[in-house]
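Listed here are the chains, written in short residue letters.
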Amino acid sequence: GINAEYGRKPFFGSCSPTNAMASFQSDQLFSTIEKRVNADKQNIINKIKGVYLFNVTGPGGAKKQWTVDLKQNGTVTQGAVGKPDTTLTVSDEDLVNLATGKAKAQQLFMSGKLKLQGNMSLAMKLDTVIKSDKPAL
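Heads up: these notes are all about the structure in this document. Quick caveat: nothing in here was measured; it's all calculated off a predicted structure.

### Section: the layout of surface pockets
Quantified by volume, the largest pocket comes out at close to 300 Å³. Breaking the lining of the largest pocket down by element, the ones donating at least two residues are helix H6 (105-110), strand E5 (114-118), helix H7 (120-124) and helix H8 (126-130). Per element, the largest residue contribution to the lining of the largest pocket is four residues, and it comes from H6. Among the residues forming the lining of the largest pocket, the class breakdown is eleven nonpolar, two polar and three charged.

Have a look at this one:
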């Protein structure tokens, strides 16, 4: 009798595939970055000269990757594309806080909430890329 009863219980793990498509607060951020890049592509490419890969962790272990190519193409793409110069791993919430100025990259980095691999000088230019309240120069 135990097995039959167990079989009737809802299987909680079944909701995890939809989790991967969970909506991230930072989705909006990447769409804003894309608009800003498109508005002033050549200037931004000249200023940054690099490719960022964002590994964003969301609720319930969901993950999303975004490639922001500011080396030659000036594109923002969901997923890992090509070879990044700098890879950042950060939670959805912390990334949004960075973009809105509620958090500072150095603080997140020191507390282990922001992980960086690759070109550090490119990581220093991150504010220019993600902060939308700053006018593009």
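Picking up where we left off.
### A look at the sheet that holds strand E2 (residues 63-70)
Each strand in a sheet pairs with another by means of backbone hydrogen bonds, the pair being arranged parallel or else antiparallel. Pairing is mixed across the open sheet formed by five strands, whose spatial order is E3-E2-E1-E4-E5. Each edge of the open sheet carries a strand with a single partner, namely strand E3 (75-78) and E5. Adjacent strand axes in the sheet meet at a mean angle of 15°, parallel and antiparallel pairs treated alike. Across the sheet, helix H3 (residues 26-39) touches strand E1 (50-57), E2 and E3, and the angle it forms with E2 is around 10°.

### Section: H3
Here H3 contains 14 residues, and its C-alpha end-to-end distance of 20 Å stays within 8% of the 20 Å for a straight helix at 1.5 Å per residue. Within the sequence span of H3, burial applies to Ser-26, Leu-29, Phe-30, Ile-33, Arg-36 and Val-37. Looking down the long axis of H3, one finds its buried residues gathered within 120° of arc, a one-sided arrangement. Among the exposed residues of H3, those pointing more than 90 degrees away from its buried face are Gln-28, Lys-35 and Ala-39. Buried positions along H3 lie against helix H4 (41-48), E1, E2, E3, helix H5 (92-100) and H8.

### Digging into the pattern of salt bridges
Taken as a whole and judged by the stated rule, the model has three salt bridges. A salt bridge links Lys-131 to Asp-127, with the nearest nitrogen and oxygen atoms 3.1 Å apart. For Asp-127, a relative accessible area of 26% gives the class partly exposed.

### What about the pairing of E3?
Both E2 and E3 contribute to a ladder of four bridges, which runs antiparallel. From the neighbouring strand, Thr-67 faces E3, where its bridge partner is Thr-77. Where E2 folds back onto E3 in an antiparallel hairpin, the turn is made up of four residues, including Gly-74, whose phi is positive at roughly 65°.

### Here's the deal with empty space enclosed by the protein
Summed over the entire model, instances satisfying the criterion amount to one cavity of 30 Å³ or more. Roughly 40 Å³ of volume is contained in the largest cavity. Ile-33, Arg-36, Val-37, Ile-44, Leu-70, Thr-128 and Val-129 are the residues that line the largest cavity. Of all the secondary structure elements, the ones that give two or more residues to the lining of the largest cavity are H3 and H8. Element by element, the count of residues in the lining of the largest cavity is highest for H3, at three residues. Along the lines of polarity and charge, the residues of the lining of the largest cavity split into five nonpolar, one polar and one charged.

### A closer look at the packing of aromatic side chains
In total, this model carries three aromatic pairs according to the counting rule given. Considering the side-chain rings of Phe-30 and Phe-54, the 5.1 Å spacing of their centres and the 75° angle between planes classify their relative orientation as edge-to-face. Here the residue Phe-30 occupies a position in helix H3, and Phe-54 occupies one in strand E1, the gap between them amounting to 24 residues. The buried category is assigned to Phe-30, whose relative accessible area is 0%.

Conventions we followed
- Residues numbered from 1 in each chain as written.
- Predicted model: local features only at pLDDT ≥ 70, side-chain atom pairs only at ≥ 80, totals over all residues.
- Heavy atoms only, no water.
- 1 Å grid on protein atoms, 1.4 Å probe; cavity = no way out; pocket = protein on both sides within 12 Å on 5 of 7 lines; lining within 4 Å.
- Points joined across faces, edges and corners; volume = space filled by probe spheres on them.
- Helix = DSSP H or I, 4+ residues; strand = E, 2+ residues; numbered from the N terminus.
- Nonpolar A, V, L, I, M, F, W, Y, C, P; charged D, E, K, R; others polar.
- Pairing = 2+ DSSP bridges.
- Axes fitted to C-alpha atoms, helices over the stretch in contact; angles between N-to-C directions.
- Contact = heavy atoms within 4.5 Å.
- Expected span 1.5 Å × (residues − 1).
- Buried < 20%, exposed > 50% of the residue type's maximum accessible area, 1.4 Å probe, protein only.
- Arc of directions from axis to C-beta.
- Salt bridge = Lys/Arg side-chain N within 4 Å of Asp/Glu carboxyl O.
- Phe/Tyr/Trp six-rings, centres within 6.5 Å; stacked < 30°, edge-to-face > 60°.

So, to be careful, I would describe these as geometric facts and stop short of saying anything about function.
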